[in-house]
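# Architecture at a glance
As a plain string of letters, each chain reads:
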Amino acid sequence: MAGEKMNAYENKKLLILGGNAETVPLVETANKMGVKTIVSSSNPESMAKACASVKYDLDATDIGAMVALAREGNVSGVLPGMDDIFVPAYCKVCDVLSLPCYANSEIIEVFGYKDCFKATCERYGIHSVPECYLDASLNPRDLARIHYPVMVKPVDCYSGIGMTECNSEEELKPAVEKAVRASKSGRFIVEKLMRSADVGLYYTFKDGECSLSCIYDRYTDNSNHKAGRVALGNIYPSKYIENYYSRMHDNALRLFKAMGIKNGVLLVQAFHEGEEFYVYDTGFRLQSEASNLLIEHFCGYDQRELLIYYALTGSEGDIHLPEVDDASLGGQYAASVWFLLQEGTVGEIEGLDQLQKDPCVVASVQRLYVGDEILPGWIGTEQQVMLRLFLASPTKKGLHDVILKYQNAIKVRNTAGKNMLVPGFDVSAALEV
């Protein structure tokens with residue numbers, strides 16, 4: 001798909017909002033297409049800037065600054081980087097400049113706020129995680145109705161930011177204060193703490209047609225109840241895939257159609273308990289989890305290219321999703337394995353030299369390096385992710401063995417020589433091998 005279109009987009013300019021490590025592959029993809037990339041981020045050390053054609057140390061959520069930058073640079077399109085905070089800015093900048101945008105203010109309102117998303121899902125027969133009513137006044141009558149444990153979270157933050165697990169009323173007040181501080185809107189929700197299976201649903205949209213591109217089981221680090229749960233790994237396809245198609249898929253399609261979604265990519269996260277799915281989070285953008293790498297490996301198309309084409313032309317090209325998407329992976333298996341670090345400064349990393357020679361390794365995305373410091377406030381957020389490793393195998397046993405191989409081979413020590421890695425998930429239990 002990229003080969004024929006590469007010359008057509010040569011010398012066109014694409015503004016990308018934000019520049020974290022996960023945004024690097026998006027910039028590199030555009031570069032390969034011949035697109036001139038412009039990355040703006042308030043962080044001078046943003047990794048995506050290193051591979052951009054042009055870089056600016058400007059806050060990518062500053063609408064006026066981004067509009068002025070785009071006009072001055074004569075950009076042809078705009079995309080958000082891999083962080084939900086940039087999606088509303090992306091929508092507003094595109095609106096001012098009359099550039100293609102896969103979202104609108106109504107869609108952003110639903111997917112940008114957890115409370116709006118949950119209420120919208122319920123209207124279309126999609127269950128959400130049960131919620132306890134509570135506002136910032138902490139009314140004693142409301143407190144008396146809460147059954148612990150619960151999870152307190154801001155309505156407009158992601159990647160574990162501002163989230164706290166609470167097992168008593170004593171823990172609730174500081175958790176609410178933390179969530180309110182993290183929330184730009186000053187809003188929070190209190191949900192039942194779910195200990196059920198965690199499932200990710202990743203959709204691709206083209207011209208109003210929706211396709212489930214992949215579905216996976218998510219395994220998280222639950223060791224610190226004071227912080228959010230960060231993934232340790234995902235297994236594809238989910239063991240609940242058939243139940244999803246029979247219980248939730250039709251309702252999801254009705255919801256997306258009613259919202260008027262035409263193009264883009266969307267992640268929905270849900271718990272599976274009994275026979276039901278209970279949604280709890282979403283993101284209308286390419287995800288830092290980078291499931292698109294496995295979609296490209298198994299289905300042969302690159303979601304990054306689709307979004308770049310759309311940003312520059314208003315079209316995702318001639319791809320026919322039902323012909324290429326296969327959430328069951330054709331009977332094969334895949335995983336993304338996350339390597340999380342504990343607090344401290346990275347002194348040594350071992351085991352990465354094997355990755356380039358292994359046919360089971362689809363891709364690897366490294367975020368932290370020797371000399372980087374993991375701060376206390378990073379624990380419980382995706383900032384503590386050192387590496388994401390994407391693996392594929394024709395058999396479940398083969399995937400099991402290669403995950404264990406790298407869980408054992410990759411070692412990270414701090415400057416005092418002590419282990420920094422958070423223990424990985426139980427591979428044998430996850431794959432039932």
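Rules and cut-offs
Residues numbered from 1 in each chain as written. Predicted model: local features only at pLDDT ≥ 70, side-chain atom pairs only at ≥ 80, totals over all residues. Heavy atoms only, no water. Helix = DSSP H or I, 4+ residues; strand = E, 2+ residues; numbered from the N terminus. Buried < 20%, exposed > 50% of the residue type's maximum accessible area, 1.4 Å probe, protein only. Contact = heavy atoms within 4.5 Å. Areas by Shrake-Rupley, 256 points an atom, 1.4 Å probe, with all protein chains shown as cover. Lys, Arg positive; Asp, Glu negative; His and termini not counted. Charge placed at Lys NZ, Arg CZ, Asp CG, Glu CD. pLDDT = per-residue confidence, 0-100. Salt bridge = Lys/Arg side-chain N within 4 Å of Asp/Glu carboxyl O. Polar contact = N/O pair within 3.5 Å; in protein donor to acceptor, adjacent residues only side chain to side chain. Pairing = 2+ DSSP bridges. Axes fitted to C-alpha atoms, helices over the stretch in contact; angles between N-to-C directions. Disulfide = S-S within 2.5 Å. Parallel < 35°, antiparallel > 145°, perpendicular 65-115°, else oblique. Left-handed = near helix turned anticlockwise from the far one by under 90°.

## A few points about the overall build of the chain
When helices and strands are tallied, the chain shows 15 helices and 19 strands. Burial analysis of the chain (433 residues in total) assigns 55% to the buried set. A separation threshold of at least 6 residues defines the contact pool for the chain, and within that pool the share at least 24 residues apart is 68%. With an accessible surface of roughly 18000 Å², the chain has 48% of that area assigned to carbon and sulfur atoms. Mean positive and mean negative side-chain charge positions of the chain (42 and 57 charges, respectively) differ by 2 Å.

## Structural notes on the confidence of the model for the chain
On average, residues of the chain score 91 in pLDDT, and 96% of them reach the 70 mark or higher. Considering each helix and strand of the chain separately, the mean pLDDT is smallest for helix H1 (residues 2-5), with a value of 44, and largest for strand S19 (residues 411-414), with 98. Here residues 1-6 is a poorly scored stretch, pLDDT under 50, and it has 12 contacts once near neighbours within four places are set aside; other chains count.

## Looking at the pattern of salt bridges
In total, this model carries 23 salt bridges according to the counting rule given. As a salt-bridge pair, Glu 131 and Lys 118 come within 3.0 Å of each other at their nearest N and O atoms. Here Glu 131 is found in strand S5 (residues 131-132), whereas its partner Lys 118 is found in helix H6 (residues 114-123), with 13 residues between them in sequence. Its relative accessible area of 45% is what places Glu 131 among the partly exposed residues. We classify Lys 118 as buried; its relative accessible area is 3%. If you follow the salt bridges from partner to partner, you end up with Glu 22, Arg 367, Glu 382 and Arg 388 in one network.

## Concerning the environment of Tyr 219
Counting through the fold element by element, Tyr 219 comes out in strand S10 (residues 209-221). When the C-alpha atoms of Tyr 219 and Ser 128 are compared, they prove to be 20 Å apart, with 91 residues separating the residues in sequence. In contact with Tyr 219, other than residues within four places in its own chain, are Ala 231, Leu 232, Gly 233, Asn 234, Ile 235, Lys 239, Phe 425 and Ala 430. Only 3.1 Å separates the side chain of Tyr 219 from the side chain of Lys 239, close enough to count as a polar contact.

## Details of the sheet that holds strand S3 (residues 54-56)
Here 4 strands make up an open sheet; going across it, the order is S3-S2-S1-S4 and the pairing parallel. Strands with a single pairing partner mark the edges of an open sheet, and in this sheet they are S3 and strand S4 (77-80). Neighbouring strand axes in the sheet, compared pairwise and without regard to direction, differ in orientation by 20 degrees on average. Sheet topology note: the strand S1 (residues 13-17)/S4 ladder contains 4 bridges and is parallel. Within the sheet, the bridge partner assigned to Ile 16 lies in S4 and is Leu 79. Lying on the sheet, helix H2 (residues 24-32) is in contact with S1, strand S2 (36-40) and S4; it crosses S2 at an angle near 155 degrees. Sheet strands touched by helix H3 (residues 63-73): S1, S2 and S3. Its angle to S1, the strand with the most contacts, is close to 165 degrees.

## Remarks on helix H5 (residues 105-112)
Those residues of H5 that fall on the buried side of the exposure criterion are Ile 107, Ile 108, Val 110, Phe 111 and Gly 112. The secondary structure elements touched by the buried residues of H5 are helix H4 (87-97), H6, helix H10 (249-259), strand S12 (264-273) and strand S13 (276-283). Two or three places before Glu 106, at the start of H5, stands the capping residue Asn 104, its side-chain oxygen 3.1 Å from that residue's backbone nitrogen.

## Description of the state of the cysteines
This model, assessed by the stated rule, comprises 0 disulfides. For Cys 210, which is in no disulfide, the shortest distance to another cysteine sulfur is to Cys 214 and amounts to 12 Å. Lacking any disulfide linkage, Cys 214 is separated from the closest cysteine sulfur, that of Cys 299, by 8.3 Å. For Cys 214, a relative accessible area of 3% puts it in the buried group.

## Examining the packing of H3 against H4
Remark: H3 packs on H4, axes separated minimally by 10 Å, with the N-to-C direction vectors making an angle of 50 degrees. Looking at the two axes, H3 sits oblique to H4. Here H3 runs over H4; the crossing is right-handed. The residues of H4 that touch H3, namely those facing Ile 63, Met 66, Val 67, Ala 70 and Arg 71, are Ala 89, Lys 92, Val 93, Val 96 and Leu 97.

## Some thoughts on the pairing of strand S9 (residues 197-206)
The side chains of a regular strand alternate between the sheet's two faces. Of all 10 residues in S9, 9 are buried; the element is thus mostly enclosed. Looking at chain direction, S9 and S12 are connected through 9 bridges and run antiparallel. Its bridge partner being in S12, Phe 205 is matched across the sheet by Gly 264. Bridging between S9 and S10 involves 9 bridges; their strand directions are antiparallel. Considered in S10, the bridge of Val 199 is made with Asp 217. Where S9 folds back onto S10 in an antiparallel hairpin, the turn is made up of 2 residues, including Asp 207, whose phi is positive at roughly 50 degrees.

## Some points on the side chain of Ser 46
Locating Ser 46 in the fold gives a position in the loop between S2 and S3. Here Asn 43 takes part through its backbone oxygen, which lies 2.9 Å from a polar atom of the side chain of Ser 46. Here Ser 46 is in contact with Gly 19 and Ser 41, once residues within four sequence places are set aside.

## So, the sheet that holds strand S7 (residues 164-166)
Spatial strand order, S5-S8-S6-S7: 4 strands in an open sheet with antiparallel pairing. Each of the sheet's edge strands pairs with one partner strand only, and the pair in question is S5 and S7. The sheet contact formed by strand S6 (residues 150-154) and strand S8 (residues 188-192) spans 5 bridges and is antiparallel. Across the sheet, residue Lys 153 finds its bridge partner in S8, namely Ile 189. The sheet strands contacting H6 are S5, S6 and S8, and the helix crosses S8 at an angle near 50 degrees.

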